[in-house]
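Descriptive analysis of the structure
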Amino acid sequence: MRRKPLKVLAGLVATAAAAFLLISCRGATGQTGPAGANGTNGTNGTNGTNGSTFAIDASSYTPDEWADLTLKATVTSVTVNGTPVVNFKVTDSKNVPVKGLGFTTKTSSNQYASYANMAFAIAKLVPATTTSPSRWVSYVVTSNPTAAAPDVWVPTRPTTENIGTLVDNGDGTYKYTFRRDITQTKAQLDAYTYTGNNVKADLDDVTYNANLTHRVTLYVGGTARNTGTNTADGSNSGVVAKAINFPANAIYDFIPATGAPVGSANEQREITQVSACFTCHAKFEFHGSGRQDTRYCVVCHNDQRKYGRAEGTLSNGTVSSNGKLQGHGEGDFPMFIHRIHMGEELTNKGYSYGGVDYNDVTYPQDQRNCVKCHSASTATPQGDNWFKKPNRFACGGCHDSIVWSTGQNHQGGAAFDDQQCSQCHSEAAIKTYHIPVTPPNDKNYYKTGNTADNNTNASWIAAFPNNLPAGASKVTWEISSFTLNSSAKAVIKFRFLKDGTPVALNTYPAKSEMLDGFVGGPSVYVAFTVPYDGINYPADWNATFSTYLKDIWRGDGKNVSGAALGASAKATLTGPDSSNYYTITFTDAVIPTSAGMLTAGIGYTYGLQNTQPLTQINVPGFPYNKDAMGNDVPKMGGLAVPAPNTWKMVSGTLPAGFDTTQATTPRRTIVENKRCNDCHGALGVFTAKAYHAGQRNDAQTCEFCHNGQRVNSGWGVNTKDFIHALHGAGKRVNKFSWEVSAGNKYWEITYPSILNNCEACHVPGSYNFEIASNAGELPNLNWTTVATGSIPNPVPVIVTGTEPVPGTYYSPFVTAGANYGSGFSYNANTGATTPAASTTLVSSPYVAACSNCHDTTMALNHMKAMGGSFYVSRASVQNAQTGALINSEQCFLCHSAGKVADTYVVHMKFK
């Protein structure tokens, strides 16, 4: 039955309530009277109308409401009797059904009207054979008939159709009947005359086979009706097109012969899940953001995409191709995606397909970590195909130097099919080959003797602890406590664990290394805040001291190079206790009573000259005292498995004078390692290179060093500055040229996600300083020092990005020939603080963060107009009496919650 309007229901309720009151005022109920005679049967009523579920009419959405939609679609059944018939349902993000999506458009050149906000495709899965893997073959390989050529189906690359017949049931459910008769597709292709690059065989075998697995894909989205060219006649409406934010993709696998959905007994090809993609990408922005499921992608991105393409060429390592290379479609999903993600590591150059220049793509982790995208599960039963079913074109996507027809760069010689692949490439061999191990950097201190190369990795690095070479051990460290003794000296209790088991250290000098089979070790850090720029307890660390654990273990007062230890590095080591814990006590380093955020950490080591990282020297295949080419180089080689940096806040009773609350309160949590490693896998380690040798791998404590006082070539390189600048490289107009002297071209970094998706990196709410948990930090936020020291004249500035590398380049915002003086420093040997010179340049806290993406002249002028400071002298914003920097930023007038440019709304609108 139909539901009554709310007003009617309300009236009925009110009437019933009144009646109840009247009845309740009557006297006592009388005795029951005698039963009356039975009444006559009433006439049969007419059949009632079917009940309907409330549904929102899509035609009622404004263009802005349409753009903000998130739609969901579900295919409920598919039948094929020549033309496939698809039954499906569409709802919004709150599961409210959506009707009225059957808007059509028809230009004068088309024979049929099209449903502008929908698209359908259907393909069959051709089973694997001994010579080739399974593959999707689309039936939708003909273009739509035109008015000039009615019902003429011209062969084309795989596409979608929306020119069939749609029935809108008015409750969010629909029935779509394809215009194409897929049982006739083969006959249509056979009847066509092919010339030039149009080769019929390139469209594969489209013979209809009702017993094979078939896939129907559905897309619902696009632009709002009557915006852009989405009009009844396809003309331009004059209204800016409003595309839906999150369209619906639906996938339905079934067996046409029975109509049943595909089960485990049927042929499947589920190799990856889009959720793996979205750990990096968050959302796909190609195809107008219309394709958001890899299961949808593969129906069109198959080998049929080579149709109509001329064979590409490969000459002297340079590719020239327009979609067909070595007889295969470059747009075929396995090859296409592998090649894109291989990016700058590809052997050949010159790739370009679909608007993507493969060689320019920078992948944020080691490409050999195949399980990032592929692993067997209930949802992806074929997820292990990458090592179980090797084939030329999936593997050749990354190993692109191989020429299959000649055997060039392939030890197995020429290969014209995939039949022999697994005979040479066993499952175990493939998995072993794809263990991510970064080779030693050939420019490292041990090989060059140059102190400028002190921080590059001299060993191989295996940074994925769950996928290590045979014989490699995973060593981690654990801090039990961090306290201060009565003399305010740092006391840290820790232990080593090898493959999860606590181990005792060797004894010096009986052994020259702390652990058998290893050289080197970690460092121990203590970080805290001291007053500066008029802030008693800054929100970020600005003082540290550290020691290399092996120096203290030796106990001879000297570092491994024989130099005397500085006062802040002197410490004693006792232990182990019954649980293999050791205690290190710093004997000289000064921690003032004004210290806040007192934190101790272990790990971080990567300087080769005096602080060699912990490196295993007995792993087969990774020789020690050898470089990657097998040449003799003392101390080079071996395998490092970087342990996660671990840290702990001070605890226990603090000596008199310390503010316990300030000392024990941790730095605000802004990012988390999981978010970094969703993309990076292992922070700092890539296929062919690494930064910090993978040893500095905790996002929260990067701020130990990368704080507001760290400056390089006129750039502020504290964490919020340089991380924003690196990830925002594609948006910046001023090329971030820090560390170009090390060969880095940071402006070439490609970011895989939506740049304004702050929560790809940030913990929710951490970047909103109006919420209570962050509000207390506002007065204590550090300004960024952006320039100290002498600037050359003229200033070497990166403008085009083609300037020669190596070389030292400076920020374009500094002045040629200027001497900006010295920055702030804390001397842990004496406890003395040296304030920054008044001539140093600084940027105010919010400007420092925002300007690293928004660095156009217009954006910077806006920030300045609203009270922000950008590359100004410290003296110009400093209170002469208190030393405090005067923050006049008025950002919250517009960018706070609910205001016209709410930071959260602007940056998270993609949701």
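Residues numbered from 1 in each chain as written. Predicted model: local features only at pLDDT ≥ 70, side-chain atom pairs only at ≥ 80, totals over all residues. Heavy atoms only, no water.

1. Details of the overall build of the protein chain
Short version of the rule: Strands here are runs of E lasting at least two residues and helices are runs of H or I lasting at least four, both read from the DSSP assignment and numbered beginning at the N terminus. The contact criterion used throughout is that any non-hydrogen atoms of two residues lie within 4.5 Å. Working definition of accessibility: Shrake-Rupley area with a 1.4 Å probe, residue cover restricted to the visible protein chains. We score Asp and Glu as negative and Lys and Arg as positive, and we do not count His or the chain ends. In this description, the location of a charge corresponds to atom NZ of lysine, CZ of arginine, CG of aspartate or CD of glutamate.
On a plain count of helices and strands, the protein chain comes out with 20 helices and 41 strands. Taking the principal axes of its C-alpha atoms as reference, the protein chain extends roughly 105 × 100 × 65 Å. Considering only intrachain contacts with a sequence separation of at least 6, the fraction spanning at least 24 residues in the protein chain is 66%. On the protein chain, roughly 41800 Å² of surface is accessible, and the fraction owed to carbon and sulfur atoms is 52%. Computed over 69 positive and 63 negative side-chain charges, the inter-centroid distance for the protein chain is 4 Å.

2. Some details on the pattern of salt bridges
Think of it this way: side chains of opposite charge can pair up when their charged atoms draw near. Rules: Whenever a carboxyl oxygen of Asp or Glu lies within 4 Å of a side-chain nitrogen of Lys or Arg, that contact is scored as a salt bridge.
With the rule as written, the count across this model stands at 28 salt bridges. Measuring nitrogen to oxygen at the nearest pair gives 2.8 Å for the salt bridge that ties Asp366 to Arg368. Within the structure, one salt-bridge network assembled from shared partners comprises Asp202, Asp303, Lys306 and Lys324.

3. Observations regarding the sheet that holds strand S12 (residues 173–177)
Put simply, the test is: At least two DSSP bridges between two strands are required for those strands to pair. Axis geometry follows a simple rule: fit a line to the C-alpha atoms, using only the stretch in contact for helices, then measure angles between N-to-C directions, giving values from 0 to 180 degrees.
Pairing is antiparallel across the open sheet formed by four strands, whose spatial order is S2-S3-S12-S11. Both edges of this open sheet fall to strand S2 (71–81) and strand S11 (165–168), since each of them pairs with a single strand only. Each strand of the sheet is rotated relative to its neighbour by a mean of 20°, with strand direction disregarded. In this sheet, strand S3 (residues 83–92) lies alongside S2 in antiparallel orientation, the contact comprising ten bridges.

4. A few points about the nonpolar core
Applicable threshold: The nonpolar core is taken to be a set of buried Ala, Val, Leu, Ile, Met, Phe, Trp, Tyr and Cys residues, with the residues joined through side-chain atoms within 4.5 Å. The cut-offs for exposure are 20% and 50% of the maximum accessible area for each residue type, with area from a 1.4 Å probe on protein chains only; residues under the lower value are buried, those over the upper are exposed, and the others partly exposed.
Counting 47 residues, the largest nonpolar core has Phe496, Val526, Phe528, Ile591 and Leu598 as its most contacted members. Every element with two or more residues in this core is listed here: strand S21 (475–484), strand S22 (490–498), strand S25 (523–529), strand S26 (543–548), helix H12 (549–554), strand S28 (582–586) and strand S29 (596–603). Here this core gets five residues from one element, more than from any other, and that element is S21. By size, the runner-up hydrophobic cluster in this structure holds 42 residues, among which are Trp66, Phe120, Tyr174 and Ala250.

5. Description of the packing of aromatic side chains
Note the following rule: Centres within 6.5 Å make a pair out of two Phe, Tyr or Trp rings, where for Trp the six-membered ring is used; the pair is then stacked when the planes are under 30 degrees apart, edge-to-face when over 60, and tilted otherwise. Both a distance and an angle decide whether a charge sits over a ring: NZ of Lys or CZ of Arg must be within 6 Å of the ring centre and within 35 degrees of the ring normal.
Using the criterion set out here, one finds 42 aromatic pairs in the structure. Taking the centre distance of 4.9 Å and the plane angle of 80° together, the rings of Trp541 and Phe704 count as edge-to-face. Note that Trp541 is positioned in the loop between S25 and S26 and Phe704 in the loop between helix H14 (673–680) and strand S35 (711–712), a separation of 163 residues in sequence. Judged by its relative accessible area of 1%, Trp541 is buried. Phe704 gets classed as buried once you look at its relative accessible area, which sits at 3%. Each residue in the set Trp715, Phe722, Phe736, Trp738, Tyr746, Phe813, Phe870 and Tyr871 is aromatic and connected to the rest through ring pairs, giving one cluster. The ring of Tyr219 carries Arg291 above its face, with NZ or CZ at 5.0 Å from the centroid. Lying over the aromatic face of Phe387, Lys431 brings its terminal NZ or CZ to 4.8 Å of the ring centre.

6. Description of helix H4 (residues 274–281)
Our working definition: The arc in question is formed by the directions pointing from the helix axis toward the C-beta atoms.
When H4 is considered as a whole, its buried residues turn out to be Val274, Ala276, Cys277 and Cys280. Along H4, the residues classed as buried sweep out an arc of 155° about the axis, all on the same side. Positioned one or two residues after H4, Ala282 has a phi angle of 65°, which is positive.

7. Let's talk about H14
Turning to H14, its buried residues number three or more, namely Cys676, Asp678, Cys679 and His680. The inward-facing, buried residues of H14 abut H4 and helix H15 (719–727). After H14 finishes, the residue Gly681 shows a positive phi value of roughly 75°.

8. What to know about the state of the cysteines
Definition in use: Any two cysteine sulfur atoms lying within 2.5 Å of each other are counted as a disulfide.
Overall, the coordinates contain zero disulfides when judged by the stated rule. For Cys424, which is in no disulfide, the shortest distance to another cysteine sulfur is to Cys421 and amounts to 8.5 Å. When its relative accessible area of 62% is taken as the criterion, Cys424 is described as exposed. Unpaired in terms of disulfides, Cys758 finds its nearest cysteine sulfur in Cys853, a separation of 8.5 Å. What makes Cys758 buried here is its relative accessible area of 17%.

9. Considerations on the confidence of the model for the protein chain
Basically, it comes down to this: Known as pLDDT, the predictor's per-residue confidence is scaled from 0 to 100.
In this model, the protein chain carries an average pLDDT of 91, and 93% of its residues clear a pLDDT of 70 or more. Overall, residues 1–36 carries pLDDT values under 50, and its contacts beyond four positions in sequence, including any with other chains, amount to five contacts. Here residues 41–51 is a poorly scored stretch, pLDDT under 50, and it has two contacts once near neighbours within four places are set aside; other chains count.

10. As for the pairing of S28
Burial of S28 is extensive: four of the five residues sit out of reach of the surface. Note that S22 and S28 share four bridges and pair antiparallel. Note that in S28 the partner of Phe494 across the bridge is Tyr582. Bridging between strand S27 (residues 571–574) and S28 involves four bridges; their strand directions are antiparallel. Looking at the pairing, Thr572 lines up with Thr585 of S28.

11. Focus on a negative patch on the surface
Our working definition: Patch criteria: residues need more than 30% relative accessible area and no salt bridge. Like-charged residues are merged within 9 Å; nonpolar side chains of Val, Leu, Ile, Met, Phe, Trp and Tyr are merged within 5 Å.
Together, Glu344, Asp357, Asp360 and Glu748 make up a negatively charged patch on the protein surface. Mapped onto the elements, Asp357 comes out in the loop between helix H6 (333–342) and helix H7 (385–388).

12. Observations concerning unusual backbone geometry
Residue Pro509 is bonded to the preceding Tyr508 through a cis peptide linkage, with omega at 10°. With respect to the element layout, Pro509 can be found in the loop between strand S23 (501–503) and strand S24 (518–519). The omega angle of the peptide bond from Gly575 to Pro576 is 5°, so this bond is cis rather than trans. Unlike most non-glycine residues, Asn95 shows phi in positive territory, near 65°. Within the chain, Asn409 stands out as a residue other than glycine whose phi angle is a positive 65°. Along the chain, Asn409 turns up in the loop between helix H8 (392–395) and helix H9 (421–424).

13. Let's talk about the sheet that holds strand S8 (residues 135–138)
Judged by pairing direction, the sheet is antiparallel, and its five strands sit side by side in the order S8-S7-S13-S14-S15 without closing on themselves. In this open sheet, the two strands that pair with only one neighbour each are S8 and strand S15 (260–261). Strand direction decides the pairing type here: strand S13 (residues 214–220) and strand S14 (residues 248–255), joined by seven bridges, are antiparallel. The residue of S14 that forms the bridge with Tyr219 is Asn249.

14. A word on the side chain of Asn782
With respect to the helices and strands, the residue Asn782 is situated in the loop between helix H16 (772–775) and strand S37 (784–787). Assessed through its relative accessible area of 4%, Asn782 is described here as buried. Residue contacts for Asn782: discarding those within four places in its chain leaves Tyr532, Pro538, Ala539, Asp540, Gln709, Lys720 and Pro845.

15. Notes on the environment of Gln878
Where we set the bar: Polar contact criterion, stated in full: a pair of N or O atoms within 3.5 Å, where within protein one must be able to donate a hydrogen and the other to accept it, and residues adjacent in sequence count only if both atoms are side-chain atoms.
Position of Gln878 among the secondary structure elements: in the loop between strand S41 (872–873) and helix H19 (892–895). Linking Gln878 and Met866, residues twelve residues apart in sequence, is a C-alpha distance of 18 Å. In this structure, Gln878 is in contact with Asp533, Gly883, Ala884, Leu885 and Ile886, ignoring residues within four places of it in sequence. A polar atom in the side chain of Gln878 sits 3.1 Å from the backbone oxygen of Gly883.

16. Here's the deal with the environment of Val799
When you line up the elements, Val799 lands in the loop between S37 and strand S38 (825–827). Remark: the alpha-carbon pair of Val799 and Asn734, spanning 65 residues in sequence, is separated by 7.4 Å.

17. Thoughts on the environment of Thr664
Along the chain, the position of Thr664 falls in helix H13 (residues 660–664). Note: C-alpha distance between Thr664 and Thr802 (138 residues apart in sequence) is 49 Å. Ignoring anything within four residues of it in the chain, the contact list for Thr664 reads Met649 and Val650. Within the structure, the side chain of Thr664 is placed 2.7 Å from the backbone oxygen of Thr660, a separation counted as a polar contact.

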